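Letter by letter, the chains look like this.
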Amino acid sequence: MSNGEYLNALADLFPDVHVDVPQLPQDTFVAGFENSAEAQKPSDVRIARFESIALLYSREATRDAGHVRALAGCDWDSPSKVTECANHFVETTGRRLFRRPLLPAERDRFVAKLHGWRATIDFEAAVRLTLGAMLQSPQFLYRPEPEPAGDVGAIVPLDGYSMASRLSFFLWESVPDDAAIDAAAHDRLGTAEGVRAEAERMLDDERARRVYWSFHRQWLGLGRITEEEHSQRTGEVDPEWTAATSVSARTESQLFVENILSKGGTFEELFTSRRAWIDREMARIYGVREPSASGFSEVSLPSSERAGLFTRVAFLGSTSHRGATSPPIRGNAIQLRLLCQAETPPPPGVDLSPPKSSPSDGPKTNRMLFEERTSPQACRGCHEGLNGFGFGFERYSASGAFQTLDHGLPVDARGSVVGTDVDRAFDGPIQLSDTLAKSRAVRRCATLQWMRYALGRAPEDAELPAADALTDAFLRDGHIKAFLLELVTSPSFRMRRLRGPT
Amino acid sequence: MKTSRRNLLRALGLGALCSLAGKSSSALADPTPVPPRVVFFVTPHGHVPNAWTMPVTGPTDQVVSRSLADLPASELSAVLRPLHPFRDRLLAIEGLSHTSVLADVAEITRTGGDLNSHSISVAGLLTGARALQRNGAPCTGGARSIDQELAARTSAPGRFGSRVYGADYVPNATVAPFSFLGPGQASPIVGDPATAFSDLLGYAAPAGGGASREEMLASMRPSVLDTVAREYEALAPRLDAEGRARLEEHKNLVRELEKSLGTAKPKCDVGVDRTGHTVTQFMRLAKMAFACDLTRVITYVAPVPQCPEIGHSAATNVHGYAHQSIKGDTSCGQTYDPVAEAALTDLGIWYAQHFATLLTELDSVVEGSGTLLDHTAVVWVTELATPTHQMHDVLTVLAGGCNGFFRTGRYVRYPRTFANPLKDKPKTGPAHNRLFVSLLRAMGQPDAVFGTREAVGTDGSVVPMGGPLEELHA
């Protein structure tokens, strides 16, 4: 499990337990994502954290007799009841934590330990210690998918319980609930129709908001606005910036993604919708009337100034230097993230600092300075595309505020979409957003990134035709929910390749 | 060229020594009353040479040195001056070279990949090996780093292999951290002194045994961990090879934690002042960890301060100044700015002051016939030689002496006689990896090489990167 999955799982399993947990070591990122299966490796610090957190949760979840009774399902007031309660606790809690019924041997091991601890201390202590052990067990901390018998290399359907976990870890970033485990138990996840029905139920649940934000945050780097240099921006460098801006901007993008997509939104709306959920801080930067209440409320942003996610402060700010926009960085974000184009690093030794005009030259716009900087022949190959996208965003300052003047001169936000299926000249970020929203190349990139996120690994070459088919479906029906249902019923998600015992 | 150290040892007929890596048969298990330790004090951005180096008379094609013992503070360079109280236990080393990084940059220039020299030098500082290239992401460490290698050889029940503390100032999503458990696998960094303290306490505190119910519950921690470890054993046979390997690794770590509980000396959970600057708190934690023998290897990654903290305007940042800080050698097309040089010099002094705090803390604990500091090698390393991304002419401080292994009290200048693997760059001093070989020796390990074994200069000559830097030894 990634850190996010682990913490969500604990929160979902123990909704009435609230403890401060020590910080976990960072996830290892692979291609920008936190949940890559290959990267989930243990370390001494991680093991120590798992132990501390297991002890905290097991203590709080058994903090009084009522809580222990809820876990045990009965009162342990006679020897026969003790046996019954112990079995009930191990079977039901084990099933929820391990996302499948316990194997008889597993059940026997935990029951035997529980009775051993009961004899040393008491029943309640034994439940607490057993729960602490379960919370550190591999069946909880990892997502083992034991291999059925078969030829190495054969592609076989996933068993129902593994399927329930794949669905919930993908759509809820957490463990499956009892209903999903029941669906597996009743063999309802062996068909595409069954998987679709279960996924629909999960997507209608509040927990599905997690997948929308978690995926888009990682894919588009939207969390960066509260990290690294952006967490240190000040009004001294960026006039519009205050101590509250970073977090406010991130929350605004989070609410946009969650509210648009969890209510049946489309991929296109991510690019074009003017709906926004803003607080006073964002109202100030967007230049709209402040919400009367504190917190975030819905407004519609001016149609001539804003469109979707790529015209909002979290994206615009995190793709700027402190105090100055960088068209190449913004252009690179579009190419790398939205078009899945490989990054070409600048040649060694070139000037990567924000260009400044010399006092003798008179005022210049940022665009003029970048045009000069990237005019040498050696730069043009890459910068035709980088600047082509990036100049379109010059309507926004480094803080993401809308601007018509730059250093006293009118802003020129004309650009060109290059290297896609929708190449064209455009004027300004709204036309650019509209264009990208319709591109097949963007849709295909999104499909590949969704697959990587859903599978916890990069798609294999053999899966690329399936990715094309998913892309086609995504173009026909742009609703994210419909796309996710196609994805979870696709062979990549429902099948596995046998790797054999060696 | 990347060489497995173990293969090399085997090739040298030293295969049996590999068993030293095992925790059960460590050479360090012999009852040495005072064990050697190492601290890596890592500060980013290199040094301004004018502010660090000192004049030494002698031929430039030989190793030359001068004594620091009798110098007044005013004769030390600006960055070394805060270390004056410890001058008899310092080695100021001028002229090593991040040759493994230079070779890696040369190779990536030919083959393609993440060519950001800062990423490569961060990934390569403590590994001395080629960085791991990742498609669509900055490169990261390509091998186990020296601190983790030493950790693997000195851990024992009740003792952490190492502690990695300090700033994750470059989250590994963007640029690699410095310390690696293995290729692509960053060592976990503990950035919060309170958490670091409770980690140490977790080992130091007795595992219960009292009469109250809570004490009885606490005394069951080893029993719970034993139960957990058995679950890993039970599940492993049902998985494929990769899954089994991962569970095995996890199980071993659970077993180590189990064995460690309550093994540390109980007196060690007291007497740590947990106030003051975060850096200072970590320096004190290092003292506690060593004094209680809770680990023998610590890596501390210093934070990059905001400019006002080092007396400069908030309108820019350290990175903004870095490329402009060296007269005649700016980078990224920047022009020299004396203000930038002053800022980076002040940064070096700021780091030196924190380094001095660490030395003071270690020197405050009497151990055997000396202090903790006498038994430790405290090594101040930087991933770049200069803030302008040069990677030759590296400036290094080693303090302490590690039980008399190093001959301290000197400023040592290495000659630049080795070919540079990069075109249009000057000749270099000996490879920085060789300092790691010396540290391995100081810790009782017989290795001949750490990291990349040799590089090739642009003139075709082979640059050896193995063997210790014997001039530094006593």
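Since the structure is predicted, the reported quantities are computational estimates derived from the model, not experimental observations.

(A) View of the overall build of chain A. A tally of helices and strands in chain A yields 23 helices and ten strands. Dimensions of chain A, computed from C-alpha atoms along their principal axes, come out at roughly 90 × 50 × 45 Å. Within chain A, the proportion of its 502 residues that are buried is 55%. A sequence separation of at least 24 residues applies to 68% of the contacts in chain A between residues at least 6 apart. Carbon and sulfur atoms make up 52% of the accessible area of chain A, which totals about 20,000 Å². Measuring between centres, the 59 positive side-chain charges of chain A sit 0 Å from its 69 negative side-chain charges.

(B) Representation of the overall build of chain B within the structure. Counting its regular elements, chain B contains 13 helices and 16 strands. Of all 474 residues assigned to chain B, the portion counted as buried reaches 59%. By sequence separation, contacts in chain B at least 24 residues apart represent 72% of the contacts at least 6 residues apart. Entry remark: accessible area of chain B is about 16,800 Å², with carbon and sulfur atoms responsible for 53%.

(C) Structural detail: the packing of aromatic side chains. Within this structure, the stated rule accounts for 32 aromatic pairs over all chains. The ring centre of A:Phe474 lies 5.2 Å from the NZ or CZ of A:Arg443, which sits over that ring. If you follow B:Arg163 out to its NZ or CZ, it ends over the ring of B:Phe160, 3.5 Å from the centre.

(D) Representation of the interface of chain B and chain A within the structure. With 55 residues of chain B in contact, the opposing surface of chain A contributes 61 residues. Between chain B and chain A lies a buried interface of about 5,200 Å² when both sides are counted; carbon and sulfur atoms form 56% of it. Of all residues in chain B, B:Glu231, B:Arg238 and B:Arg246 give up the largest surface area on contact with chain A, accounting jointly for 13% of the area buried on that side. Our count for the contact surface shared by chain B and chain A stands at eight salt bridges. A salt bridge links B:Arg213 to A:Asp122; the nearest nitrogen and oxygen atoms lie 2.6 Å apart. Scanning the region where chain B abuts chain A turns up 13 residue pairs in polar contact (both at pLDDT 80 or more). Of all the secondary-structure elements, those providing two or more residues to the side of chain B that touches chain A are α6 (193-204), α7 (213-219), α8 (221-235) and α9 (241-260) of chain B.

(E) Quick peek at unusual backbone geometry. Residue and element names in this part refer to chain B. Even without being glycine, Asp293 reaches a positive phi, approximately 55°. Accessibility expressed as a relative area gives 18% for Asp293, which makes it buried. The phi dihedral of His389 falls on the positive side, at around 75°, and the residue is not glycine. Tracing the backbone shows His389 in the loop between β12 (376-381) and β13 (394-399).

(F) Spotlight on the nonpolar core. Residues and elements named next belong to chain A. Residues Phe170 and Trp450 are the most contacted members of the largest nonpolar core, which totals 69 residues. Here this core gets nine residues from one element, more than from any other, and that element is helix α20 (residues 440-455). Non-local contacts of Trp450, meaning those with residues more than four positions away in its chain, are made with Phe170, Val211, Phe215, His216, Ile480, Phe483, Leu484 and Leu487.

(G) Spotlight on the environment of B:Pro222. All names here are of chain B. Mapped onto the fold, Pro222 is located in helix α8. Each C-alpha atom of the pair Pro222 and Lys259 lies 7.5 Å from the other, and the pair is 37 residues apart in sequence. Dropping the residues within four chain positions of it, Pro222 is found in contact with Glu258 and Leu261.

(H) Seen up close, the pattern of salt bridges. Scanning the entire structure with this criterion turns up 64 salt bridges over all chains. Connected via shared salt-bridge partners are B:Asp226, B:Arg230, B:Glu233, B:Glu248, B:Lys251, B:Arg255 and B:Glu258.

(I) Just the sheet that holds strand β6 (residues 163-166) of chain B, in detail. Residue and element names in this part refer to chain B. On the basis of which strands lie adjacent, the open sheet formed by eight strands has the order β2-β14-β3-β13-β12-β1-β9-β6 and mixed pairing. Of all strands in the sheet, those bounded by a partner on one side alone are β2 (64-67) and β6. Strand after strand, the sheet turns through a mean of 15° between neighbouring axes, direction not considered. Pairing between β6 and strand β9 (residues 297-301): four bridges, direction parallel. The residue of β9 that forms the bridge with Gly166 is Val301. Where helix α5 (residues 146-154) meets the sheet, it contacts β1 (37-42), β6 and β9, and its direction lies at approximately 155° from that of β9.

(J) Fine view of the state of the cysteines. All names here are of chain A. Within the structure shown, the criterion is met by two disulfides over all chains. At a sulfur-sulfur separation of 2.0 Å, the disulfide partner of Cys340 is Cys445. Every disulfide takes its handedness from the sign of the S-S torsion; for Cys340 and Cys445 that torsion is 80°, giving right-handed. You can see Cys340 sitting in the loop between α16 (327-338) and α17 (366-373) and its partner Cys445 sitting in helix α20, a full 105 residues away along the chain. We classify Cys445 as buried; its relative accessible area is 2%. Take Cys379: it sits in no disulfide, and the sulfur closest to it among the cysteines is that of Cys382, at 8.8 Å. On the basis of relative accessible area, Cys379 is assigned to the partly exposed category, the value being 22%.

(K) Examining α17(A) more closely. All names here are of chain A. Every buried residue of α17 is accounted for by Asn366, Arg367, Leu369 and Phe370. End-on, the buried residues of α17 take up no more than an arc of 160°, which puts them together on one face. Each element contacted by the buried residues of α17 is listed here: β5 (324-325), α16, β6 (405-406) and β8 (414-417).

(L) The arrangement of the packing of helix α2 (residues 44-61) of chain A against α9(B) in detail. Running from N to C, α2(A) and α9(B) cross one another at 70°; their axes reach a closest spacing of 9 Å. In terms of orientation, α2(A) lies roughly perpendicular with respect to α9(B). Here the hand of the crossing between α2(A) and α9(B) comes out right-handed. Of the residues in α9(B), those in contact with A:Asp44, A:Ile47, A:Ala48, A:Phe50 and A:Glu51 of α2(A) are B:His250, B:Leu253, B:Val254 and B:Leu257.

(M) Here's a closer look at the packing of helix α21 (residues 464-476) of chain A against helix α22 (residues 480-488) of chain A. Residues and elements named next belong to chain A. The interhelical angle for the contact between α21 and α22, taken along N-to-C directions, is 155°, at an axis separation of 9 Å. Between α21 and α22, the angle is such that the two are roughly antiparallel. The two elements α21 and α22 cross, and the hand of that crossing is right-handed. Contact residues: α21 offers Leu470, Ala473 and Phe474, while α22 offers Ile480, Phe483, Glu486 and Leu487. The class makeup of the residues in the contact of α21 with α22 is six nonpolar, no polar and one charged.

(N) Spotlight on helix α19 (residues 429-438) of chain A. All of the buried residues along α19(A) are A:Pro429, A:Leu432, A:Ser433, A:Thr435, A:Leu436 and A:Ala437. Structurally, α19(A) contributes buried residues whose contacts are with α13 (267-272), α16, α18 (377-390), β8, β9 (424-427) and α20 of chain A.

(O) Highlighting the side chain of A:Glu173. Residues and elements named next belong to chain A. Mapping Glu173 onto the fold places it in the loop between α8 (160-171) and α9 (178-185). Among buried charged residues, Glu173 stands out as having no salt bridge; its nearest opposite-charge side chain is Arg217, 4.9 Å away. When neighbours within four sequence positions are excluded, Glu173 is seen to be in contact with Gly4, Glu5, Asn8, Ser168, Arg210, Ser214 and Tyr453.

(P) Here's a closer look at the environment of B:Gly348. Residue and element names in this part refer to chain B. Tracing the backbone through its elements, the reader meets Gly348 in helix α12 (residues 338-363). In this structure, the C-alpha to C-alpha distance between Gly348 and His118, residues 230 residues apart in sequence, is 18 Å. Excluding its chain neighbours within four sequence positions, the residues that come into contact with Gly348 are Val79 and Trp380.

(Q) Fine view of the confidence of the model for chain B. Residue and element names in this part refer to chain B. Of the residues in chain B, 86% reach a pLDDT of 70 or more, and the chain-wide mean stands at 84. Note that residues 1-31 has pLDDT below 50 and, in this model, 45 contacts with residues that lie over four places away or in other chains. Here the prediction assigns the complex a pTM of 0.81, and the interface score ipTM is 0.88.

(R) Spotlight on the environment of B:Ser117. All names here are of chain B. Tracing the chain through its elements places Ser117 in helix α4 (residues 117-124). Relative accessible area serves as the criterion here: at 17%, Ser117 is assigned to the buried category. Between the C-alpha atoms of Ser117 and Thr154, which are 37 residues apart in sequence, the distance is 32 Å. Contacts of Ser117, omitting those with residues within four sequence positions, involve His389 and Met391.

Reading the values: the criteria
- Throughout, residues of each chain are indexed from 1 in the direction in which the sequence is written.
- To read the labels, note that chains go from A and ligands from 1, taken in the order they are written.
- Confidence filtering applies because this is a predicted model: local features only for residues at pLDDT of at least 70, side-chain atom pairs given and counted only at 80 or more, and all residues used for totals across whole chains, interfaces and linings.
- The basis for every side-chain value is the complete set of non-hydrogen atoms in the structure, without hydrogens or water.
- In this description a helix means any DSSP run of H or I spanning at least four residues, a strand means any run of E spanning at least two, and both kinds are numbered starting from the N terminus.
- Throughout, exposure labels follow a simple rule: accessible area from a 1.4 Å probe, protein chains only, divided by the maximum for the residue type, with under 20% read as buried, over 50% as exposed, and the rest as partly exposed.
- Note on contacts: a residue pair qualifies if any of its non-hydrogen atoms lie within 4.5 Å across the two residues.
- Only the protein chains shown count as cover for residues, and all accessible areas are computed by the Shrake-Rupley method using a 1.4 Å probe.
- Within this scheme the basic residues Lys and Arg register as positive and the acidic residues Asp and Glu register as negative, but His and the chain ends are omitted.
- Every charge is mapped to an atom, namely NZ of Lys, CZ of Arg, CG of Asp or CD of Glu.
- When the centres of two rings from Phe, Tyr and Trp lie within 6.5 Å, Trp using its six-membered ring, the rings pair. Their planes under 30 degrees apart give stacked, over 60 give edge-to-face, and anything left gives tilted.
- We count a charge as sitting over a ring when the NZ of a lysine or the CZ of an arginine lies within 6 Å of the ring centre and within 35 degrees of the ring normal.
- By buried area we mean how much accessible surface two parts lose on assembly, using a 1.4 Å probe and totalling the loss over both.
- Salt bridge, as used here: a side-chain nitrogen of Lys or Arg that lies within 4 Å of a carboxyl oxygen of Asp or Glu.
- Polar contact is defined as a pair of N or O atoms within 3.5 Å, subject to the rule that within protein one atom must be able to donate a hydrogen and the other to accept it, and that residues adjacent in sequence are counted only when both atoms are side-chain atoms.
- Side-chain atoms within 4.5 Å are what join buried Ala, Val, Leu, Ile, Met, Phe, Trp, Tyr and Cys residues into a set we call a nonpolar core.
- DSSP-based pairing: two strands are paired if at least 2 bridges between them are found.
- Comment: axis = line fitted to C-alpha atoms, over the contacting stretch for helices; angle = value between 0 and 180 degrees taken between N-to-C directions.
- Throughout, a disulfide means two cysteine sulfur atoms within 2.5 Å of one another.
- Relevant arc is that of directions from the helix axis to the C-beta atoms, nothing else.
- Orientation labels follow simple angle bins: below 35 degrees gives roughly parallel, above 145 gives roughly antiparallel, 65 to 115 gives roughly perpendicular, and whatever is left gives oblique.
- Two helices cross in a left-handed way if the nearer one is turned anticlockwise from the farther one by less than a right angle. They cross in a right-handed way if the turn is clockwise.
- Only Asp, Glu, Lys and Arg are considered charged, only Ala, Val, Leu, Ile, Met, Phe, Trp, Tyr, Cys and Pro nonpolar, and every remaining residue, Gly among them, polar.
- The pLDDT value expresses, per residue, how confident the predictor is, ranging between 0 and 100.

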